[in-house]
Amino acid sequence: MEDDQRLSKENPKKEPHRTELVCFRGKAEDAGSWRIVLGKHQLKRSESVERIFPVKRIYRHESFRYPTHSELDYDIALVKAATDINPSNFIRYACLPRKQTGLSPGHYCWVTGWGVTRGGKENVSLAEALNQARLPIIDFKTCRQKKFWGDRVRDTMICAGFRDKEDPPAACQVRGRRRTCAVWGSDGLTSVSPSQGDSGGPLLCQLGRDRWEVHGVVSFGPIGCTVENKPSVFTRTAAYVPWIEATRIRDFFLH
């Protein structure tokens, strides 16, 4: 993915942005506790190209019940900026997919984030720079097999990642007591999976020369590094287009 697409956003102006609902539980629902940072690459330092916007409203999906129920159905939320968002060389828009459209198995998409790259549950280290991973779509029937995710995967979800058949998971290397989760393969493109801290990030898919669509939102996956036959699972954006459209209409009348 080109550098100027490293943090793509889906909507121009003040229309809501999609993200994972787990992020907005409890007091975190307060819009004043959040801000939208676009065009950012280095996590821990300010950059001249980044833009920061206050959040006006957060819309949680009404049917989301986690952790009351263990399954992550309806894991999606919309976040509306309080001011206009304009594109730049470092901030680009990506489109919504058409309602109930799908991708062919093997179609490569991209996921980005500053998720954990080192450490275990008690000693984690977030990435300093924004990482990107190139993942192939896995067909729904395969992802629903018992040795994969079984019935935890709903038809409102989409799976992407690699399957390790004989060797240990290619992403993991143990160095002393620390485990490193690789993001880049030897070819500079082949990658493994999102990790802890990437939740809510987009699964961006290129359809045509200049068209990018947000087909998924990072929802859940294996704990730690990649695990054999446990690909990453995303909220399938196309399944929620009617809800997104209805929410945008409702928001329009709240001005």
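Shown above is the structure to which this text applies.
The notes below deal with the structure included here. Just so we're clear, the structure is a prediction, and the values are computed from it rather than from any experiment.

## Quick look at the packing of aromatic side chains
Tallied over the entire structure, the rule returns three aromatic pairs. Centre to centre, the rings of Tyr74 and Tyr240 are 6.4 Å apart; their planes meet at 75°, and the pair counts as edge-to-face. Here Tyr74, found in the loop between strand 3 (51-60) and strand 4 (77-81), pairs with Tyr240, found in the loop between strand 14 (232-236) and helix 2 (241-252); they are 166 residues apart in sequence, far enough to count as distant. For Tyr74, a relative accessible area of 35% corresponds to the partly exposed category. Aromatic pair Trp149 and Phe220: ring centres 5.2 Å apart, planes at 85°, arrangement edge-to-face. Taken as a pair, Trp149 in the loop between helix 1 (140-143) and strand 9 (157-160) and Phe220 in strand 13 (residues 212-220) lie far apart in primary sequence, 71 residues in all. When the ring centre of Tyr108 is taken as reference, the NZ or CZ atom of Arg134 above it lies at 3.8 Å.

## What to know about the environment of Leu130
Within the secondary structure layout, Leu130 lies in the loop between strand 7 (125-126) and strand 8 (131-138). Taking the relative accessible area as the measure of exposure, Leu130 reaches 10% and is therefore buried. It is 7.9 Å that separates the C-alpha atoms of Leu130 and Lys40, two residues lying 90 residues apart in sequence.

## What about the nonpolar core?
With 12 residues, the main nonpolar core is built from Leu103, Cys109, Val111, Ala133, Leu135, Ile137, Ile158, Ala160, Leu203, Cys205, Val218 and Phe234. Only strand 5 (108-113), strand 8, strand 9 and strand 12 (202-206) provide two or more residues apiece to this core. Of the residues forming this core, the biggest block, three residues, is contributed by strand 8. The residues contacting Ala160, other than those within four sequence positions of it, are Leu135, Pro136, Ile137, Ile138, Pro231, Ser232 and Phe234.

About the criteria used
- Residues numbered from 1 in each chain as written.
- Predicted model: local features only at pLDDT ≥ 70, side-chain atom pairs only at ≥ 80, totals over all residues.
- Heavy atoms only, no water.
- Phe/Tyr/Trp six-rings, centres within 6.5 Å; stacked < 30°, edge-to-face > 60°.
- Helix = DSSP H or I, 4+ residues; strand = E, 2+ residues; numbered from the N terminus.
- Buried < 20%, exposed > 50% of the residue type's maximum accessible area, 1.4 Å probe, protein only.
- Lys NZ or Arg CZ within 6 Å of the ring centre and 35° of its normal.
- Core = buried A, V, L, I, M, F, W, Y, C linked by side-chain atoms within 4.5 Å.
- Contact = heavy atoms within 4.5 Å.

As far as function goes, none of this settles anything; it's purely spatial.
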